[in-house]
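Analysis of the macromolecular model
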Amino acid sequence: MQDDEPLEEWARRRAERQAASMGRRRAVSLGSSPHRGTHVDPSAPRAIEEWTGTEWQVVGLAENLAAAQSLLFPPPPERAKTAEWDRPVNGRGRGRHRKPTSAEERDQ
């Protein structure tokens, strides 16, 4: 931050940072031990929390670490495969990327 920056500019940048982080989620272990890394006690239930911009709010529960990870990081949607007719046909050719044909195959 610059010393001569107007307060309005600082407030605008702060509001943008808070808006960008809103909706962020995390899983917190509900085990008997104090809060540690998520990999500790993977069988313990987890609380799913969401950042509201000022505090973490509980939005759900998961029975273990694997279930919490599947909620926080869902698999990406599968991309539709292109139809065969959409692909260009690669016939026999002599392009630089093609394997050169042997003399016997050329004579046939």
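Below is a summary of the structure that appears in this document. The structure presented is a predicted model; accordingly, all values stated were derived computationally and were not measured.

The rules behind each value
- Residues numbered from 1 in each chain as written.
- Predicted model: local features only at pLDDT ≥ 70, side-chain atom pairs only at ≥ 80, totals over all residues.
- Heavy atoms only, no water.
- Phe/Tyr/Trp six-rings, centres within 6.5 Å; stacked < 30°, edge-to-face > 60°.
- Lys NZ or Arg CZ within 6 Å of the ring centre and 35° of its normal.
- Salt bridge = Lys/Arg side-chain N within 4 Å of Asp/Glu carboxyl O.
- Helix = DSSP H or I, 4+ residues; strand = E, 2+ residues; numbered from the N terminus.
- Buried < 20%, exposed > 50% of the residue type's maximum accessible area, 1.4 Å probe, protein only.

Counted under the stated rule, the structure contains 1 aromatic pair. Arg26 extends its terminal NZ or CZ atom over the ring of Trp56, reaching a point 4.0 Å from the ring centre.

This paragraph deals with the pattern of salt bridges. One pass over the structure, following the stated rule, counts 5 salt bridges. Of the charged contacts in the structure, one is a salt bridge between Glu16 and Arg12, with a shortest N-O distance of 2.6 Å. With Glu16 and Arg12 both in helix α1 (residues 7-21) and 4 residues apart, this pair spans about one turn of that helix. Using a relative accessible area of 45% as the deciding quantity, one classes Glu16 as partly exposed. Given the relative accessible area of 37%, Arg12 is considered partly exposed. Put simply, Glu49 and Arg26 hold a salt bridge, and the shortest N to O gap is 2.8 Å. Placement of the pair is Glu49 in strand β2 (residues 46-51) and Arg26 in strand β1 (residues 25-29), with a sequence separation of 23 residues. Glu49 gets classed as buried once you look at its relative accessible area, which sits at 13%.

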